[in-house]
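Each chain, letter by letter, is given below.
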Amino acid sequence: MTAPSSVPPVVRVVIPTYDEADNALPMCDAVLAQLSAHGWDGHVLIVDDNSPDGTGEIVAGAAARNPRIGVLRRTGKDGLGVAYRDGFRRALREGADAVCQMDCDFSHRPEDLAALAQLVLDGRADVAIGSRYVPGGGTSDWSRIRLVLSRIGAAWCRMVLGVRVRDISGGFKAWAPAALTVAVDQAHSAGFAFQAEATFLASRAGYRAVEVPITFQERAAGESKMSPRITIEGAWRLVALRWAHRGGR
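Just so you know, these numbers come straight off a predicted model, no measurement behind them.

So, how was this worked out
Residues numbered from 1 in each chain as written. Predicted model: local features only at pLDDT ≥ 70, side-chain atom pairs only at ≥ 80, totals over all residues. Heavy atoms only, no water. Buried < 20%, exposed > 50% of the residue type's maximum accessible area, 1.4 Å probe, protein only. Helix = DSSP H or I, 4+ residues; strand = E, 2+ residues; numbered from the N terminus. Phe/Tyr/Trp six-rings, centres within 6.5 Å; stacked < 30°, edge-to-face > 60°. Pairing = 2+ DSSP bridges. Axes fitted to C-alpha atoms, helices over the stretch in contact; angles between N-to-C directions. Contact = heavy atoms within 4.5 Å. Salt bridge = Lys/Arg side-chain N within 4 Å of Asp/Glu carboxyl O.

Chemist: Which residues make up helix α7 (residues 194-204), and what are the values?
Modeler: Within an α-helix, residues lying three or four positions from one another point in the same direction, as the helix has 3.6 residues per turn. Of all 11 residues in α7, 10 are buried, a share of seventy percent or more. Along α7, the residues that are buried comprise F194, Q195, A196, E197, A198, T199, F200, L201, A202 and R204. Taken from the residues just after α7, G206 is the one with a positive phi, measuring 95°.

Pasting the structure below:
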């Protein structure tokens, strides 16, 4: 638990959505419950890419009733990385002491969120990563072929980017403001490759990345946004990113 203070830490949780009408409000409630349990000044920001299923409208209604819920309604779907950067910039402007990111589909368990944020708040990490690939981490209900392909993809990311983080492409993280600012200001990726690029940029700048074991679960409702095409495109995009950032350390 965070040491008692007259001013509780400000924790912002940024969650991008596209067609997550069934999951958005339950996720907001679950995340806020975890933040409240630790006595933090916690808020959730949903960044919605004009979902056809009305996710943005649903969250906007909840935000009107609950000041701890925010919604950033974008005009179109132009990439996960773009959505995250917009949400992160808002969280940084609001003076967050820790900025967290996670998926809306409950593949990332809200119960694991506090452990990541605490590492950042305590100064033990600049980027705390919920990792599937460190001892104690794993996945639930994945086929063997999917697990093998995922591990190959993680190894490819480490090789191309030259970092030791085992789950660099994972999307469950907590950030210190300084490390996040570097990632937001320097990242090029519009899509899923942003996940790896952001951590790479922070690590290259000397910020500490710490991995915490989690179990990645299958989504509870809705359809996955991932596809083989996106996975392959992201893998080759990393090569372009490494070349684009070749001038750094």
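Chemist: Describe the packing of aromatic side chains, listing the residues and the values that go with them.
Modeler: Overall, the coordinates contain 3 aromatic pairs when judged by the stated rule. Summarising the aromatic geometry, the rings of Y84 and F88 are spaced 5.1 Å apart at their centres and angled 20° between planes, so their arrangement reads as stacked. On the criterion of helical spacing, the pair formed by Y84 and F88 is a turn pair, its members being 4 residues apart in helix α3 (residues 80-93). For Y84, a relative accessible area of 0% translates into the label buried. Their ring planes at 35° and their centres at 6.3 Å tell us that F88 and F194 sit as a pair that is tilted. Pair noted here: F88 is in helix α3 and F194 is in helix α7, with a separation of 106 residues, a long-range link. Residue classification places F88 among the buried residues on the basis of a relative accessible area of 0%.

Chemist: Lay out the sheet that holds strand β7 (residues 173-175) with the relevant residues and their values.
Modeler: Strand order in this open sheet of 7 strands is β3-β2-β1-β4-β7-β5-β8, and the pairing throughout is mixed. Strand pairing shows two members of the sheet lacking a second neighbour, β3 (69-73) and β8 (209-213), which therefore form its edges. Taking each pair of neighbouring strands and ignoring which way they run, the sheet shows an average axis angle of 20°. Sheet topology places strand β1 (residues 10-17) next to strand β4 (residues 98-101); 4 bridges connect them, and they run parallel. Within the sheet, the bridge partner assigned to V11 lies in β4 and is A98. Running at roughly 155° to strand β2 (residues 41-48), helix α1 (residues 24-37) makes contact with β1, β2 and β3 of the sheet.

Chemist: Could you give an account of the pattern of salt bridges, with specific residues and numbers?
Modeler: Applying the stated rule across the entire model yields 11 salt bridges. D112 is the partner of R109 in a salt bridge, and the nearest nitrogen-oxygen pair spans 2.9 Å. The residue R132 makes a salt bridge to D167 at a minimum N-O spacing of 2.7 Å. Of this pair, R132 sits in the loop between β5 (127-131) and β6 (138-139) while D167 sits in the loop between α5 (144-161) and β7, placing them 35 residues apart in sequence. By relative accessible area, which is 12% here, R132 ends up buried. Look at D167 and you get buried, because its relative accessible area is 0%. Within this structure, D49, R74, D78, D86 and R89 form a network of salt bridges that share partners.

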